[in-house]
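Chain residues, written in single-letter form:
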Amino acid sequence: MEKGKLVVYTGCSGVGKGTIMKELLRKNDNIKLSVSCTTRAPRDEDTEGVTYYFVTTDRFKELINEDGFLEYATFCDNYYGTPEKPVDELLAKGYDVFLEIEVDGGMQVMKKRPDCISIFITPPSMEELENRLRGRGSEDEETIKKRMARAKEEMEFKKHYKYSVLNDNVERAADEVLSILNKEKTN
Ligand code: 5GP
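So, here is what we can say about the structure in this document. Since we're looking at a predicted model, the values are computed, not measured.

Okay, the site of the ligand next. Around the ligand, the surrounding shell holds 17 residues, and the nearest of these are Ser36, Arg40, Tyr52, Tyr80 and Glu102. The pocket occupied by the ligand, as judged from atoms lying within 2 Å of grid points, is the largest pocket. Listed by contribution, the elements that provide at least two residues to the shell around the ligand are strand S5 (69-75) and strand S6 (78-83). Residue classes in the shell around the ligand are distributed as five nonpolar, five polar and seven charged.

Next up, the structure:
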């Protein structure tokens, strides 16, 4: 069986990459989303083992020492990392595996796995991004400010990604991601 494609899928907080991801999973059952470990507190919409594995900082550090991560990074004071083994198992089974990760992790994966596909999701504008982040209502003012500051820095990394996709409309953006994937798979 042919191995699946590894996709680094990045976009700033609030850009709507999670919503596009749901569309991708609905439209294409060969796509799997990697489940990350994080030390951040769960939000209402989070489910252990589905959106993340929620771990303590001590446990996260143990996993780093055990070399369990394909990549890991800190983002707004918390650790986030991709467990490596499940990703390779899914790829071996022929699934296309999406890593919904921030830029530091994205850069690590591009170095370690040069055959990955890298896609950066961009917002229509930074104002729109702030509106979406506030509209979500799940973070306090300080967190929103931190995430907006980080979003501006993250936009600088867009140039390192092979593709960028504008999230002007979820359905359209999802279709564009799928056509990139199809194109890369037939190359
Ligand atoms: P959130 O707290 O909003 O769920 O995620 C914050 C940021 O961390 C997002 O940009 C998200 O894509 C990123 N992220 C989630 N999981 C991982 C991971 O395993 N590794 C890295 N590097 N970033 C991650």
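With 17 residues, helix H7 (residues 170-186) ought to run about 24 Å at 1.5 Å a step, and its terminal C-alpha atoms sit 25 Å apart, in line with that. Residues of H7 that are buried include every one of Ala173, Ala174, Val177, Leu178, Ile180, Leu181 and Glu184, and no others. Projected onto a plane normal to the axis of H7, the buried residues spread over an arc of 155 degrees and lie on a single side. Among the structural elements, strand S1 (6-11), helix H1 (17-27), strand S2 (31-33), strand S7 (96-100), strand S8 (117-122) and strand S9 (163-166) are those in contact with the buried residues of H7. Put simply, asparagine 169 is the residue that caps the front of H7, since its side-chain oxygen is 3.1 Å from the backbone nitrogen of glutamate 171.

What counts and how
Residues numbered from 1 in each chain as written. Predicted model: local features only at pLDDT ≥ 70, side-chain atom pairs only at ≥ 80, totals over all residues. Heavy atoms only, no water. Near = heavy atom within 4 Å. 1 Å grid on protein atoms, 1.4 Å probe; cavity = no way out; pocket = protein on both sides within 12 Å on 5 of 7 lines; lining within 4 Å. Sits in = over half its atoms within 2 Å of the grid points. Helix = DSSP H or I, 4+ residues; strand = E, 2+ residues; numbered from the N terminus. Nonpolar A, V, L, I, M, F, W, Y, C, P; charged D, E, K, R; others polar. Expected span 1.5 Å × (residues − 1). Buried < 20%, exposed > 50% of the residue type's maximum accessible area, 1.4 Å probe, protein only. Arc of directions from axis to C-beta. Contact = heavy atoms within 4.5 Å. Polar contact = N/O pair within 3.5 Å; in protein donor to acceptor, adjacent residues only side chain to side chain.

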